[in-house]
Amino acid sequence: MTSQGQSLRFRSDDNCQVNFREKLLIIDSNLEAQDVEGLKFLCRDWISHKKLEKSSSASDIFDHLLAEELLSEEDPFFLAELLYTLKQNSLLRYLRQSREQVESLLPTRRRVSLFRNLLYELSEGIGSENLKDMVFLMRESIPKIQMTSLSFLAYLEKQALIDEDNLMLLEDLCRKVVPNLMRKIEKYKREKASQVVTPPVDQETESLHQGEEELFSRSDVNQFFGALQEATVYRMDRKHRGHCVVVNNHSFTSLSDRPGTHRDAECLERVFQWLGFSVHIYNNVTKGRLDEVLKEYKSHPGHADGDCFVFCVLTHGKFGAVYSSDEALVPIREIMSHFTAQQCPGLAHKPKLFFIQACQGEEIQPSVSIEADAVNSEHSPPTPSLLASVPSDADFLLGLATVPGYVSFRHVEEGSWYIQSLYNNLKNLVPRHEDILSILTAVNNDVSQQANKEGTKRQMPQPAYTLRKKLVFPVPQEKLLL
């Protein structure tokens, strides 16, 4: 901590600036050596390597950020992002920031590149024994000096063995030594493919030639790239998040009941309310009632001020269609077509998510505690393309519990594999700022690894989408209780 005597030595006409620097010193005093190493690594795209090498403390780095106009009392977000990445969330209060505020602004104000953030996250997952194994595999290319996981990755980057477009070596090392880190690499690839990243500034050119006039200021350039980045993420800052409709069919005219479906409905209600949606559950919905519900939400006035729309169906199904409680077979495309831009202008250019828990093919003989949401079909028609169910309009996502032609499974007490996994992954990954496609990839991985007691029955979900941007739900301020 900065002592009172030290604080009194600060003198300036601008008392606010003095106070801000004092806060920076407090932050400096709360950071350990590994945090300073992390700061230096995360700032490599913004501060010259020579300056970083000479920096021995966090305050040295703060001075460079101030000099480069990357940090100010009016806009401390870059430092807040750095502290958040270092998991030093308790220090954000000195910048008048909170973890929730940083998370909500990251999609549009991120300065740490996706590649650098990936390397830092990987370094956290590489333990000392893992590092020894990686160094052993790379012994001919690595100097015999003591390294941390972060300095090891920095060395690979410095030697041009890895870069943002070449991860082959890194993938090979992780696959052999720490295979669970492959998921972070795959997530990076997806994000990089869909996100506009602000190009790093050549920090060796630290100023314009004397007498040369700047056409655009740094703030102008940053604002421009910020707007570009924002254009790749769906807006999530309107008056309300939107409506979530859950059609929950348990009982039918002659088809078997669906025990466990109420557990799914409760979990969907809980997680989407947590995400800010107004949730409406309709139980045992006939074809006539379904038409009424679709008509109501097709013209719902609340869409105008909403960010998004979610429609979930829990029922029996078969080949691109779902059953109403009075056993009318309703094509999934017919349901989704009510919400195209032409039919529902209030949802134009907004993401529309549909999650279907129903079989899409022939029933498999279930075990005692697991049932299939399917109807027997002795002569199954050819497997249709999943995209055939999705309207050609933009901004749709369809999440099916299983690929066309196959069954999906539901535990009679605990609910379906797919909906329970969707619930758990939304709960766990939204706070980590994962986009919806990354979350559904995690759901795929989760469900594909489940099986019945005999290990003979498995399931693979499948999403199809015409989304144009990343969909990242703002992180709720309250935790979702089990």
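Scoring rules and cut-offs
Residues numbered from 1 in each chain as written. Predicted model: local features only at pLDDT ≥ 70, side-chain atom pairs only at ≥ 80, totals over all residues. Heavy atoms only, no water. Helix = DSSP H or I, 4+ residues; strand = E, 2+ residues; numbered from the N terminus. Contact = heavy atoms within 4.5 Å. Areas by Shrake-Rupley, 256 points an atom, 1.4 Å probe, with all protein chains shown as cover. Expected span 1.5 Å × (residues − 1). Buried < 20%, exposed > 50% of the residue type's maximum accessible area, 1.4 Å probe, protein only. Arc of directions from axis to C-beta. Core = buried A, V, L, I, M, F, W, Y, C linked by side-chain atoms within 4.5 Å. Domains from an automatic or database assignment. Axes fitted to C-alpha atoms, helices over the stretch in contact; angles between N-to-C directions. Parallel < 35°, antiparallel > 145°, perpendicular 65-115°, else oblique. Left-handed = near helix turned anticlockwise from the far one by under 90°. Nonpolar A, V, L, I, M, F, W, Y, C, P; charged D, E, K, R; others polar. 1 Å grid on protein atoms, 1.4 Å probe; cavity = no way out; pocket = protein on both sides within 12 Å on 5 of 7 lines; lining within 4 Å. Points joined across faces, edges and corners; volume = space filled by probe spheres on them. Salt bridge = Lys/Arg side-chain N within 4 Å of Asp/Glu carboxyl O. pLDDT = per-residue confidence, 0-100.

On to the overall build of the chain. Tallying secondary structure elements over the chain gives 18 helices and eleven strands in all. Taking contacts inside the chain between residues at least 6 apart in sequence as the whole, the part at least 24 apart equals 74%. Element-wise, carbon and sulfur atoms account for 49% of the exposed surface of the chain, whose accessible area totals about 23500 Å².

As a further point, take helix H15 (residues 287–298). Over its twelve residues, H15 runs 16 Å from end to end, which matches the ideal 16 Å to within 8%, given 1.5 Å per residue. Where H15 is concerned, the buried positions are Leu290, Val293, Leu294 and Tyr297. On an axial view of H15, the arc spanned by its buried residues comes to 95°, and they lie on one face. On its buried side, H15 packs onto strand S1 (240–248), strand S2 (278–283), strand S3 (306–314), strand S5 (329–331) and helix H16 (332–336).

Ile27, Phe62, Leu65, Leu79, Leu82 and Phe152 are the most contacted members of the largest nonpolar core, which totals 65 residues. For this core, the element with the highest residue contribution is helix H6 (residues 77–85), accounting for seven residues. Looking at this core, you find at least three residues from each of domain 1 (20–112) and domain 2 (117–193). Setting aside residues up to four positions removed in sequence, Phe62 forms contacts with Leu24, Ile27, Asp28, Leu31, Leu39, Leu71 and Leu79. Tyr234, Val279, Ala442 and Phe473 belong to the second largest nonpolar core, which has 38 residues in total.

Tracing the chain through its elements places Leu65 in helix H5 (residues 58–67). Looking at Leu65, the relative accessible area reads 0%, which means it is buried. Each residue touching Leu65, except ones within four places of it in the same chain, is listed here: Cys43, Ile47, Leu70, Leu71, Phe78 and Leu82.

As a further point, take the packing of helix H3 (residues 33–42) against H5. Between H3 and H5, the least distance of the axes is 9 Å, while the angle of their chain directions is 25°. Overall, the two elements H3 and H5 adopt an arrangement that is roughly parallel. The handedness of the crossing between H3 and H5 is left-handed. Contact residues: Val36, Leu39 and Lys40 in H3; Ala58, Ile61 and Phe62 in H5. Considering only residue class, the contact of H3 with H5 consists of five nonpolar, no polar and one charged.

Volume-wise, the largest pocket comes out at about 910 Å³. Around the largest pocket, the lining is made up of 37 residues, and of these Glu121, Lys184, Lys187, Arg432 and Glu434 lie nearest the centre. Among the secondary structure elements, those contributing two or more residues to the lining of the largest pocket are H6, helix H7 (99–109), helix H8 (114–125), helix H12 (182–194) and helix H18 (436–448).

Another point: the pattern of salt bridges. It is possible for side chains bearing opposite charge to pair when their charged atoms get close. Under the counting rule described, the total for this entry stands at 23 salt bridges. Between Arg241 and Asp307 there is a salt bridge, and its shortest N-O distance comes to 2.6 Å. Note that Arg241 is positioned in strand S1 and Asp307 in strand S3, a separation of 66 residues in sequence. Across the pair Arg468 and Asp395 runs a salt bridge, and its minimum N-O distance is 2.8 Å. Residue Arg468 is found in the segment after strand S11 (462–465), and its partner Asp395 is found in the loop between strand S7 (370–372) and strand S8 (396–400); the two are separated by 73 residues along the sequence. It is possible to trace a salt-bridge network through shared partners that takes in Arg44, Asp45, Arg116 and Glu157.

Across the chain, the average pLDDT comes to 81, with 75% of residues at or above 70. Low pLDDT, under 50, characterises residues 363–372; the predicted model gives this stretch 35 contacts beyond four residues in sequence or across chains.

You will see that Asn284, though not glycine, has its phi angle at about 50°, which is positive. You can see Asn284 is positioned in the loop between S2 and H15. Overall, the relative accessible area of 34% leaves Asn284 in the partly exposed class. Backbone geometry places His349, a non-glycine residue, at a positive phi of 70°. Mapped onto the elements, His349 comes out in the loop between H16 and strand S6 (352–357).

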